[in-house]
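Close look at the chain arrangement
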Amino acid sequence: MSSYFPIPNNFQICTRNDLSIESSITVFNYPNNSLLRNINKKRDKIYYYVYFLNNNKWVKCYQKECVYGNYLEIKRSELNIPKEMFAVAIPSFNKNQQDELDILFKPSSTKNDMCPVAERASYNFYINNSITSFQGEYPYELALDKRYSFFSFDSLRLDRDVNSKTFLILINLNKDPRKKDFHKVYFYKSSNKSLLKEIIVRSNSIKNICISDICEHNNSIIDPTFITCSSTTFIPIYVTIQDDNSNYQISVEHTHPPAEMFWGETKYKSLKKLKSNWILK
Amino acid sequence: MKNFIKLVIGKKLSRSLIFQKNKKYIPFKLRSLINPESLYSDFFILDTNIYKNIFIAENIFSLLNQKKIEVEHKFRFYSKEGIFLSSKSYKSNNYLSKIQLPEFSNQGSYISFTHESIPIVKEYNNKFSIPELKQTTIQHRGYSVFFKNKDSLGSIVHGNFGAVSPSNIRNSGAIIRAKTYAYTPSYIFKNKNIYHLVFNNPTQKNLKIEVMGINLLDNKRNLFKLDLNPMGTNFVRVKDFEGKISFYSKLPICRSIIFKNPEYLINNENYDVFHS
């Protein structure tokens, strides 16, 4: 049930100026869901570490204590690392985590019972004075060396004219820093499976893709673009910005994993069928 | 060992025993897990005061059959008090549809609705034409898009809880338990914003919620109480507050949709809607 919290890179939205979408995460030392009687069961200090991927090591670049009941906001811009480096925040009750790691340690959990809902951070995206947020996480199990696949679609895009753009942020994390496999991500028309774009994304990376440059926003209604990968999975985050004469609006959301379309014990049969229909090999 | 026990006492009995042991952590009825309805819907929120509400609906029949199948996307709307207001249907064979929802004036600020899709052609009506998927139970999640005014970019929220059986709400899956739970979103509310924390009640019993936070501006405790009828909707307005907020109730997953700066006079720049 424990979670990693990858921190999205800040990225420039336009080559004409240096305006960027910046990110931060807000993390807590407090159970997000608990029986009331258990709420104060565990009151230990927790330490939030940030490691970034450097060659074949996870290298520590941030460590901060968080007392019970408190929170931290970790801004990407305040991490003293190159802007393209992949960074991940990890909670731990151990205050002496190593400076360099061959394998990421398992995150500690602030949960103190079996109440549902995974541990989450607030993912915040900024542009000028506008901020948009969602509650998200990267489940520990997804960072293990298992084979997964990926299915999403562009219906969450909100771009509607030349003044707005939608970006897809694909996040993949593996505990092992040596994992740098290349994965083919296909963007294709759902109506006839004609390929619009093939993008290579590496394991252990965050990739920002401008969807508005790949396909027309109008098509997302009648003929949505499907986005698939047969060799790994990603957390897909859709960020749209709109420029109203330099007053910016920003919006973020992620698509559900496809398993969420089904309920109960038989859901995996249906999921298997759905994936075999749509995931291009 | 687990498999051995399952073999000896049978799958359903074994699941019932595990359920009984852990039920205080499970937000669903046993029946919905061992003998589910053919479909469940999340319980979505509609803002009656804004320019428009759009719903992004998945056509799961088309996606599973890998061809366009015409379905009726049916929405059932419930008032703030939980009274059924009306239903509205839209036909489409698209894999995904963006549907503008009807306007509801004089219904308070927020109401709730369910979504289901029903194939028009009978051949697909009894679940799927694929034999091995006859037992599939569909979960309608979908996405709500809120446009505050004509110039608004829009803000999206995915469905996050409900387990409502739209055609017979007494068979819905969500349940209120005997224990009290505390849910705390990992979000710091900021003094410069106004928030509406909107809750709805997908269960068949009244839901009492206490919304509580210590305001870091004056170290005082702020407490709001809500009492929601079954299928009802209500909200707490948060202003001049800085800090974290918790929700206390007997629903094992009780989380609001957070509307940041939804009020008309505040400009679009910092409008946001997200689930907690």
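On a predicted model such as this, the values are computed, not experimentally measured, just so you know. (Residues numbered from 1 in each chain as written. Chains lettered and ligands numbered in written order. Predicted model: local features only at pLDDT ≥ 70, side-chain atom pairs only at ≥ 80, totals over all residues. Heavy atoms only, no water.)

1. Digging into the interface of chain A and chain B
Taken residue by residue, the interface counts 68 residues in chain A and 73 residues in chain B. Both sides of the chain A and chain B interface together cover about 6,200 Å² of buried area, and 57% of this is carbon and sulfur. Contact with chain B buries surface across chain A, with A:Q135, A:H256 and A:W263 losing the most and accounting together for 14% of the total. Linking A:E265 and B:R15 is a salt bridge whose minimum nitrogen-to-oxygen distance equals 3.2 Å. Summed over the shared surface of chain A and chain B, the result is 37 residue pairs in polar contact (both at pLDDT 80 or more). No other element matches the eight residues that strand β20 (residues 247-254) of chain A contributes to the side of chain A that touches chain B. A class-by-class count of the residues in the side of chain A that touches chain B yields 30 nonpolar, 26 polar and 12 charged. Here strand β21 (residues 262-263) of chain A pairs with strand β8 (residues 137-140) of chain B via two bridges, running antiparallel. (Contact = heavy atoms within 4.5 Å. Buried area = accessible area lost by both parts, 1.4 Å probe. Salt bridge = Lys/Arg side-chain N within 4 Å of Asp/Glu carboxyl O. Polar contact = N/O pair within 3.5 Å; in protein donor to acceptor, adjacent residues only side chain to side chain. Helix = DSSP H or I, 4+ residues; strand = E, 2+ residues; numbered from the N terminus. Nonpolar A, V, L, I, M, F, W, Y, C, P; charged D, E, K, R; others polar. Pairing = 2+ DSSP bridges.)

2. Structural notes on the sheet that holds strand β13 (residues 150-153) of chain A
Picture the strands of a sheet paired through backbone hydrogen bonds; they go either parallel or antiparallel. Residues and elements named next belong to chain A. Taken in spatial order, the four strands of this open sheet run β13-β18-β15-β16, and their pairing is antiparallel. Each edge of the open sheet is held by one strand with a lone partner, namely β13 and β16 (195-202). Across this sheet, the average inter-strand angle for adjacent strands is 20°, counted without regard to direction. Here β13 pairs with strand β18 (residues 225-229) via four bridges, running antiparallel. (Axes fitted to C-alpha atoms, helices over the stretch in contact; angles between N-to-C directions.)

3. Let's talk about the packing of aromatic side chains
Counted according to the given criterion, the structure contains 40 aromatic pairs over all chains. For the ring pair B:F44 and B:F55, a centre distance of 4.8 Å and an interplane angle of 75° mean the geometry is edge-to-face. Residue B:F44 is found in strand β2 (residues 44-47), and its partner B:F55 is found in strand β3 (residues 52-58); the two are separated by 11 residues along the sequence. On the basis of relative accessible area, B:F55 is assigned to the buried category, the value being 0%. Counting every residue linked through ring pairs, the aromatic cluster contains A:F151, A:F153, A:Y188, A:F226, A:W278, B:Y95 and B:Y143. Above the plane of the ring of B:F147 lies B:K52, whose end atom (NZ or CZ) is 4.9 Å from the centre. When the ring centre of A:Y30 is taken as reference, the NZ or CZ atom of B:K244 above it lies at 4.5 Å. (Phe/Tyr/Trp six-rings, centres within 6.5 Å; stacked < 30°, edge-to-face > 60°. Buried < 20%, exposed > 50% of the residue type's maximum accessible area, 1.4 Å probe, protein only. Lys NZ or Arg CZ within 6 Å of the ring centre and 35° of its normal.)

4. Regarding the domain arrangement of chain B
Residue and element names in this part refer to chain B. What the domain assignment reports for chain B is domain 1 (1-26), domain 2 (27-171) and domain 3 (181-275). Look at where the C-alpha atoms of domain 1 and domain 2 centre, and you get two points 32 Å apart. Across the boundary between the two partners, domain 1 contributes seven residues, which contact six residues of domain 2. Buried area between domain 1 and domain 2, both sides added, is near 580 Å², and the carbon and sulfur share of it is 65%. When the area that domain 1 buries against domain 2 is broken down by residue, the three leading residues are R15, F19 and I26, summing to 68%. (Domains from an automatic or database assignment.)

5. Re the pairing of β3(B)
Residues and elements named next belong to chain B. Within β3, six of the seven residues are buried, which leaves it mostly tucked inside the rest of the structure. Pairing of β3 with strand β9 (residues 143-147), which is carried by five bridges, proceeds in the antiparallel orientation. The partner of I54 across the bridge, within β9, is V145. Two elements, β3 and strand β6 (residues 96-100), share five bridges in a ladder whose sense is antiparallel. Residue pairing for β6: I54 is matched across the bridge by Q100.

6. Here's the deal with the confidence of the model for chain B
Put simply, chain B has an average pLDDT of 92, and 94% of its residues get 70 or more. ipTM for the predicted complex: 0.95, alongside a pTM of 0.95. (pLDDT = per-residue confidence, 0-100.)

7. A few points about the nonpolar core
Of all hydrophobic cores here, the largest spans 56 residues; its most connected members are A:I13, A:I21, A:I74 and A:F125. Of all the elements, strand β5 (residues 46-54) of chain A adds the most residues to this core, at eight residues. With near-sequence residues (within four places) excluded, A:I13 lies in contact with A:L19, A:S20, A:I21, A:I127, A:K165, A:F167, A:I241 and A:Y248. Counting 46 residues, the second-largest nonpolar core is a separate cluster that includes A:Y188, A:C215, A:M261 and B:I156. (Core = buried A, V, L, I, M, F, W, Y, C linked by side-chain atoms within 4.5 Å.)

8. Observations regarding the sheet that holds strand β4 (residues 33-35) of chain A
Spatially, the five strands line up as an open sheet ordered β4(A)-β11(B)-β16(B)-β13(B)-β14(B), and their pairing is antiparallel. The open sheet has two edge strands with one neighbour each: β4 of chain A together with β14 (220-228) of chain B. Each strand axis lies, on average, 20° off the axis of its neighbour in the sheet, ignoring direction. In the sheet, β4(A) pairs with strand β11 (residues 181-183) of chain B via three bridges, with the strands oriented antiparallel. Residue pairing in the sheet places A:N33 in a bridge with B:Y183 of β11(B).

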